Amino acid sequence: MFGIPVPRYALVNREVSNQELDYFVEEEDFVEVHGNRFWKPFVEKPVHGDDHSIMIYYPSSAGGGMKELFRKVGNRSSEFHPDVRRVRRSGSYIYEEFMPTGGTDVKVYTVGPEYAHAEARKSPVVDGVVMRNLDGKEVRYPVLLTPIEKEMSREVCIAFRQAVCGFDLLRSEGRSYVCDVNGWSFVKNSHKYYDDAACVLRKMFLDAKAPYLSSTIPPILPWKVNEPAQPSEGLTRQGSGIIGTFGHSEELRCLIAVIRHGDRTPKQKVKLKVTEEKLLNLMLKYNGGRPRAETKLKTAVQLQDLLDATRTLVPRTRSDRDNDNDAEEIEHAEKLRQVKAVLEEGGHFSGIYRKVQLKPLKWIRVAKDNGEGEEEKPIEALMVLKYGGVLTHAGRKQAEELGRYFRNNMYPGEGTGLLRLHSTYRHDLKIYSSDEGRVQVSAAAFAKGLLDLEGQLTPILVSLVSKDSSMLDGLENASAEIEKAKARLNEIITSGTRSVDSNSLPDHPWMVDGAGVPANASELLPKLVELTKRVTEQVKLLAKVEDEELAEASSSDAITPYDQAKALGKTNIDVDRIAAGLPCGSEGFLLMLARWRKLERDLYNERKERFDIKQIPDVYDSCKYDLLHNAHLNIKGLSELFKVAQVLADGVIPNEYGINPKQKLKIGSKIARRLLGKILIDLRNTREEARGVAELKSSQEANLANLYNRKDDIDSRSKSHSTLDHARKCSYNSDKSKDQDDDEDKETKYRLDPKYANVKTPDRHVRTRLYFTSESHIHSLMNVLRYCNLDESLQGEPSLVCDSALERLHNTNELDYMSYIVLRLFENTEVALEDPKRFRIELTFSRGADLSPLEANDSEAVSLHQEHTLPIMGPERLQEVGSCLTLEMMEKMIRQFAMPAEDFPPPTIPQGFTGYFSKSASVLERLVNLWPFHKHSNSHR
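As the structure is a computational prediction, the values presented were derived from the model and not from experiment.

Trainee: What am I meant to see in the overall build of the chain here?
Mentor: The number of helices and strands found in the chain is 27 helices and 29 strands. Counting only residues that meet the buried cut, the chain has 55% of its 941 residues in that class. Nonlocal contacts in the chain, meaning residues at least 24 apart in sequence, comprise 75% of its contacts between residues at least 6 apart. Put simply, the chain shows about 41,100 Å² of open surface, and 48% of that area lies on carbon and sulfur atoms.

Trainee: How should helix H4 (residues 277-286) be read in this particular structure?
Mentor: Structurally, the α-helix is built with 3.6 residues per turn, so residues lying three or four positions apart point the same way. Considered for burial, the residues of H4 that qualify are Leu279, Leu280, Leu282 and Met283. The buried residues of H4 occupy an angular sector of 155° when projected down its axis, which confines them to one face. Exposed residues on H4 whose side chains face more than 90 degrees from its buried face are Glu277 and Lys285. For H4, the secondary structure elements touched by its buried residues are strand S16 (267-274), strand S17 (295-297), helix H5 (300-313), helix H6 (327-343), strand S18 (355-367) and strand S19 (374-388). Looking one or two places after H4, you find Gly288, whose phi comes out positive at around 80°.

Trainee: Mind showing me how you'd approach the pattern of salt bridges here?
Mentor: Here the idea is simple: oppositely charged side chains can pair when their charged atoms come close. Applying the stated criterion across every chain yields a total of 57 salt bridges. In this structure, Lys203 and Asp207 form a salt bridge, with 3.2 Å as the shortest nitrogen-oxygen distance. Of this pair, Lys203 and Asp207 both sit in helix H2 (residues 191-209), four residues apart, which is roughly one turn of the helix. On the basis of relative accessibility, which here comes to 38%, the residue Asp207 falls in the partly exposed class. A cluster of three or more residues bridged by salt bridges with shared partners is formed by Lys72, Asp105, Glu119, Arg121, Glu138 and Arg140.

Trainee: Which parts of the structure should I look at to understand the pairing of strand S9 (residues 93-97)?
Mentor: Looking down a regular strand, the side chains alternate between one sheet face and the other. Sheet topology places strand S1 (residues 9-12) next to S9; four bridges connect them, and they run antiparallel. Of the residues in S9, the one forming a bridge with Ala10 is Tyr95. Bridge analysis of strand S5 (residues 42-46) against S9 gives five bridges, and the strand direction is antiparallel. Each bridged residue has a counterpart across the sheet, and for Glu44 the counterpart in S9 is Tyr95.

Trainee: I keep staring at empty space enclosed by the protein and nothing clicks. Help me out?
Mentor: The gaps left among the atoms become clear once a water-sized probe is rolled over them. Scanning the entire structure with this criterion turns up eleven cavities of 30 Å³ or more. In this structure, the second largest cavity spans a volume of roughly 170 Å³. In terms of lining residues, the second largest cavity is bounded by 15 residues, among which Pro654, Arg786, Leu809, His810 and Thr812 are the most central. Only helix H17 (638-655), helix H23 (775-787) and helix H24 (803-811) provide two or more residues apiece to the lining of the second largest cavity. With five residues, H23 is the largest single contributor of residues to the lining of the second largest cavity. Residues that form the lining of the second largest cavity fall into these classes: seven nonpolar, six polar and two charged.

Trainee: Just to check I follow, could you spell out a nonpolar patch on the surface for this structure?
Mentor: A grouping of Trp184, Phe186 and Tyr194 is seen on the molecular surface, where their side chains present a nonpolar patch of about 350 Å² in accessible area. Here Trp184 lies in the loop between strand S14 (175-183) and H2.

Trainee: Looking at this structure, how should I read a positive patch on the surface?
Mentor: On the surface, a cluster of positive charge is contributed by Lys269, Lys271, Lys296, Lys298 and Lys386. Among the secondary structure elements, Lys269 is positioned in strand S16. The partly exposed category is assigned to Lys269, whose relative accessible area is 36%.

Trainee: Is there a simple way to explain the packing of aromatic side chains in this structure?
Mentor: Here the distance between the centres and the angle between the planes together describe a pair of aromatic rings. Following the criterion strictly, the structure yields 14 aromatic pairs and no others. Here Phe42 and Tyr57 contribute two aromatic rings whose centre-to-centre distance is 5.5 Å and whose plane-to-plane angle is 45°, an arrangement assigned as tilted. Highlighted residues: Phe42 in strand S5 and Tyr57 in strand S6 (residues 54-57), separated in sequence by 15 residues. Classification of Phe42 as buried rests on a relative accessible area of 0%. When its relative accessible area of 1% is taken as the criterion, Tyr57 is described as buried. Each ring, one from Tyr109 and one from Tyr193, has its centre 6.4 Å from the other, and the planes form 65°; the classification is edge-to-face. Of the two residues, Tyr109 is situated in strand S10 (residues 104-111) and Tyr193 in helix H2; the sequence distance between them amounts to 84 residues. These aromatic residues form a ring-pair network of at least three members: Phe24, Phe42, Tyr57 and Tyr95. A cation sits over an aromatic face here: Arg37 above Phe30, 3.9 Å from the ring centre. Note that Arg292 overlies the ring of Trp363, its terminal NZ or CZ placed 3.9 Å from the centroid.

Trainee: Teacher, can you tell me more about the sheet that holds S17 here?
Mentor: On the basis of which strands lie adjacent, the open sheet formed by four strands has the order S16-S19-S18-S17 and antiparallel pairing. Whereas interior strands pair on both sides, the edge strands pair on one side only; in this sheet they are S16 and S17. Mean inter-strand twist for the sheet, computed between neighbouring axes without regard to direction, equals 25°. By the bridge criterion, twelve bridges tie S18 to S19 in an arrangement that is antiparallel. Counted as the bridge partner of Trp363 is Pro378 from S19. Where H6 meets the sheet, its contacts fall on S16 and S19, and the angle it forms with S16 comes to roughly 130°.

Trainee: I tried to follow a negative patch on the surface on my own but got confused; where do I start?
Mentor: A cluster of acidic residues, Asp507, Asp803, Glu807 and Glu880, forms a negative patch on the protein surface. Along the chain, the position of Glu807 falls in helix H24. You can call Glu807 partly exposed: its relative accessible area is 32%.

Trainee: Where do I start with the nonpolar core in this structure?
Mentor: Nonpolar side chains in soluble globular proteins tend to be buried together. Leu800, Met890 and Ile894 are the most contacted members of the largest nonpolar core, which totals 47 residues. Looking at this core, the elements that each hand over two or more residues are strand S15 (250-260), helix H11 (469-472), helix H19 (673-699), H23, H24, strand S26 (820-828), strand S27 (839-846) and helix H26 (887-894). Discounting chain neighbours no more than four positions away, the residues touching Ile894 are Leu676, Leu680, Val784, Cys788 and Leu800. Within the second largest apolar cluster, 46 residues are counted, among which are Leu255, Ile431, Val439 and Met818.

Trainee: Before we go on, may I ask you to explain the packing of helix H16 (residues 616-629) against H17 in this structure?
Mentor: For any two helices packed against each other, one specifies the inter-axial angle together with the distance between the axes. Two elements in contact, H16 and H17, have axes whose closest approach is 8 Å; the angle formed by their N-to-C orientations is 140°. Considered as vectors, H16 and H17 are oriented oblique to each other. In this structure, H16 meets H17 at a crossing whose hand is left-handed. Across the interface between the two elements, Ile616, Pro617, Val619, Tyr620, Cys623, Lys624, Asp626 and Leu627 from H16 touch Leu638, Ser639, Leu641, Phe642, Ala645, Gln646, Leu648, Ala649, Val652 and Ile653 from H17.

Trainee: Looking at this structure, how should I read the state of the cysteines?
Mentor: Among covalent bonds in proteins, the disulfide is the one between the sulfur atoms of two cysteines. Evaluation of the coordinates by the stated rule reveals zero disulfides. Cysteine Cys157 remains unbridged, with the sulfur of Cys165 as its closest cysteine sulfur at 6.2 Å.

Trainee: Help me understand the sheet that holds S1, please; the structure alone is not making it clear to me.
Mentor: Adjacent strands of a sheet form backbone hydrogen bonds with each other and so pair up, either parallel or antiparallel. Read across the sheet, six strands follow the order S1-S9-S5-S6-S7-S8 without closing on themselves; strand pairing throughout is antiparallel. Each edge of the open sheet carries a strand with a single partner, namely S1 and strand S8 (76-81). The average undirected angle you get between the axes of adjacent strands in this sheet is 20°. Judged from the three bridges that link them, S5 and S6 form a sheet pairing that is antiparallel. Its bridge partner lying in S6, Glu44 is registered against Met55.

Trainee: Help me understand unusual backbone geometry, please; the structure alone is not making it clear to me.
Mentor: Glycine aside, residues mostly have negative phi angles, and peptide bonds mostly take the trans form. The omega angle of the peptide bond from Lys40 to Pro41 is 5°, so this bond is cis rather than trans. One non-glycine residue, Asp452, adopts positive backbone phi at about 55°. Its location among the elements puts Asp452 in the loop between helix H9 (437-450) and helix H10 (457-464). For Asp452, a relative accessible area of 42% gives the class partly exposed. You will see that Asn634, though not glycine, has its phi angle at about 55°, which is positive. Counting through the fold element by element, Asn634 comes out in the loop between H16 and H17.

Cut-offs and rules
- Residues numbered from 1 in each chain as written.
- Predicted model: local features only at pLDDT ≥ 70, side-chain atom pairs only at ≥ 80, totals over all residues.
- Heavy atoms only, no water.
- Helix = DSSP H or I, 4+ residues; strand = E, 2+ residues; numbered from the N terminus.
- Buried < 20%, exposed > 50% of the residue type's maximum accessible area, 1.4 Å probe, protein only.
- Contact = heavy atoms within 4.5 Å.
- Areas by Shrake-Rupley, 256 points an atom, 1.4 Å probe, with all protein chains shown as cover.
- Arc of directions from axis to C-beta.
- Salt bridge = Lys/Arg side-chain N within 4 Å of Asp/Glu carboxyl O.
- Pairing = 2+ DSSP bridges.
- 1 Å grid on protein atoms, 1.4 Å probe; cavity = no way out; pocket = protein on both sides within 12 Å on 5 of 7 lines; lining within 4 Å.
- Points joined across faces, edges and corners; volume = space filled by probe spheres on them.
- Nonpolar A, V, L, I, M, F, W, Y, C, P; charged D, E, K, R; others polar.
- Patch = residues over 30% accessible without salt bridge, like charges linked within 9 Å, V, L, I, M, F, W, Y side chains within 5 Å.
- Lys, Arg positive; Asp, Glu negative; His and termini not counted.
- Charge placed at Lys NZ, Arg CZ, Asp CG, Glu CD.
- Phe/Tyr/Trp six-rings, centres within 6.5 Å; stacked < 30°, edge-to-face > 60°.
- Lys NZ or Arg CZ within 6 Å of the ring centre and 35° of its normal.
- Axes fitted to C-alpha atoms, helices over the stretch in contact; angles between N-to-C directions.
- Core = buried A, V, L, I, M, F, W, Y, C linked by side-chain atoms within 4.5 Å.
- Parallel < 35°, antiparallel > 145°, perpendicular 65-115°, else oblique.
- Left-handed = near helix turned anticlockwise from the far one by under 90°.
- Disulfide = S-S within 2.5 Å.

Here it is as structure tokens:
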């Protein structure tokens with residue numbers, strides 16, 4: 001379309017309402033138009049231009065639902081409908097792929113093909129609340145368009161033959177797209193726009209009627225001729241708010257945080273061998289009819305099929321439990337009941353939390369139905385159902401509160417102004433998550449608190465959170481070393497022996513093999529087993545009533561339908577369930593019993609008389625969960641069990657990632673290798689960007705006064721087209737030569753217009769990278785940071801973590817829910833660019849919600865406990881006050897443990913770096929050449 005980038009789209013044209021079209025197909029997570037498939041999330045726009053009801057449909061993996069965008073009504077511009085999953089059939093619609101924009105949209109207004117004014121606003125996609133100023137106008141910030149966007153403005157103006165025109169831009173993953181052209185539009189409230197428009201229109205009139213005067217009249221308004229240029233204010237200089245002021249000339253340039261997910265339900269697994277034909281046929285249905293192929297059931301349709309099959313197989317009455325001959329049959333029936341109960345959990349186990357595997361184990365050869373030859377048929381399969389591990393209402397609350405804390409405390413000089421920083425393209429924010437549902441939802445809830453958003457998490461999750469399982473998931477790379485560590489740990493616990501590293505000092509207790517394991521661990525194990533049995537017996541009694549009610553229910557009883565719309569869980573405590581004496585959340589007594597019974601069986605094998613220490617963390621998790629969420633059930637002995645489990649878990653959990661510092665370093669570097677590499681790239685990019693800005697500012701200091709002068713801006717109109725055309729061709733050619741899918745961190749630099757933005761620090765630019773992951777990556781990253789100096793290549797170098805912090809970390813055995821590690825990069829602008837002290841790293845960490853459910857040390861803790869939520873501990877220093885860890889030293893210490901830049905996919909060359917230097921193609925090219933990984937194409941941003 002006239003060379004203007006637009007999202008990929010398809011048209012569905014209905015002549016009458018609800019007309020069935022043979023070229024249109026709708027499935028659970030996509031629509032297909034003429035064979036072109038649009039996966040959710042996608043956008044549905046009415047063909048009629050006066051119909052402004054636009055829908056965005058979300059995938060079941062993110063919880064499903066639909067968001068409706070509409071013309072502003074009061075303070076709202078959109079509404080989320082969690083139960084709507086089918087597209088409209090009442091008319092004709094355009095379907096487009098969804099473009100994530102980081103929560104900000106750009107409105108562009110042209111006055112002729114050579115002028116464009118742009119403003120940024122909060123996108124209605126993220127929460128639908130319209131931000132208004134004191135005059136009732138929507139809050140917008142003037143922003144600078146890139147050269148490519150300026151050329152797009154020119155083409156829109158010419159293509160639609162509309163000199164005064166307005167259109168919407170989506171800035172998504174390093175590229176800009178036109179999503180809507182509004183026609184005759186004016187800026188609502190901007191002196192700059194109307195001053196510029198007057199100049200442009202005057203020149204158009206003069207060119208048409210008096211061209212001999214056009215070149216002689218100054219291209220600015222008469223009363224503006226002698227008005228001095230208003231330089232932007234200097235940057236606010238503030239140091240670290242945690243360690244103290246390092247220097248008054250410091251400026252925060254980058255914040256990197258690695259954060260564990262919030263409070264979750266205990267993770268569970270059911271394994272059973274199935275021979276029932278209904279289940280085997282279901283496996284064949286979804287694996288393409290291959291008798292030896294494994295299948296995974298994830299979608300609501302697949303799980304509904306499984307639930308329907310299971311309901312017919314579970315007996316309505318119970319077998320005689322005292323008949324030992326039927327023990328296996330009874331156990332099989334109990335597991336089928338457990339599967340059925342999980343799938344009927346009111347929608348709680350749905351969306352991104354569900355997973356069932358069916359793996360064939362035995363086959364026979366049978367005659368084909370058509371009588372021609374034989375074929376294989378499975379007669380037995382292993383079913384594995386994984387459930388639990390769902391973020392609780394407490395987990396959502398923790399993540400959102402932590403986001404607010406970051407907004408108010410982690411950005412010195414900004415305070416709540418972080419929202420303005422973000423809205424004005426001075427905040428480069430990217431959020432990454434592992435593939436686990438609880439981690440994704442924690443990231444979305446954190447973003448909600450960080451950016452002060454409202455409403456449901458699904459739109460926030462889809463718009464702002466990127467999944468990167470290769471960087472934030474899995475332990476495969478270190479599985480052998482982890483098993484070796486666990487074997488040695490088992491030996492230490494059962495024998496009570498220790499060994500000390502020959503290079504360790506007596507005042508460094510963390511150097512001992514198995515540091516943190518209690519000396520009486522072998523004596524505590526039998527006590528742990530006995531207390532677990534006691535708790536299980538009580539839960540069994542609680543489940544008996546529920547069991548009898550299920551058995552007595554008639555077959556005509558209505559069964560709660562499977563509802564995936566509640567995939568993200570409840571926001572608040574279910575007061576009615578608690579008042580009725582039921583477990584918190586959607587877990588019934590049957591599943592609660594299954595959870596504790598499995599722990600009892602797995603913790604101690606009575607036949608082999610063997611303890612399994614790998615079950616200790618699971619026992620601890622279940623105790624902690626029930627003490628926090630099910631205290632109202634008054635289970636006797638649970639508090640005592642928790643205390644024993646906590647002592648053992650404090651010794652087991654840290655040592656699962658290495659039995660001594662050197663092994664911890666080896667395992668940590670294997671698990672967090674890609675994450676460490678990405679962190680180094682984040683820091684290097686920030687440094688090179690800051691250097692590029694400083695060098696260009698220095699070299700162009702003499703021209704700064706004129707660079708933002710409107711006279712210069714308008715004088716250069718005649719030259720701008722050729723310059724922008726050259727930049728456009730360079731960028732488009734670059735785009736064609738690269739694979740967009742391989743670029744993981746697209747970072748086109750968008751900038752605020754500093755002269756008219758009414759912002760004190762228009763030159764400030766902060767990069768934020770948030771990585772949400774699980775406990776394994778938090779431990780791994782922390783182990784590399786504190787023990788990297790033990791590597792042979794770094795002998796003699798001090799640790800990145802000071803001795804007092806090493807001692808605190810030794811006593812902090814658990815990095816609990818919402819624990820985090822933060823790296824902040826500060827630039828000292830009064831130090832020479834080549835001086836290593838120009839860029840300083842600050843390291844902090846938090847233990848997360850590391851407060852025992854049994855503790856209540858203040859009124860806030862008591863209040864939070866009543867809400868089933870534990871407070872998150874504040875950040876602690878990993879360095880001495882006043883110390884200076886340079887970026888150069890940080891790179892030296894950890895680069896051998898990080899994935900090298902050449903192993904990452906190649907970067908995207910920035911389309912345009914705007915700001916001080918947006919007027920000149922030569923300056924643009926110079927800045928691109930300064931970009932660090934443009935010189936090394938095997939790097940990654």
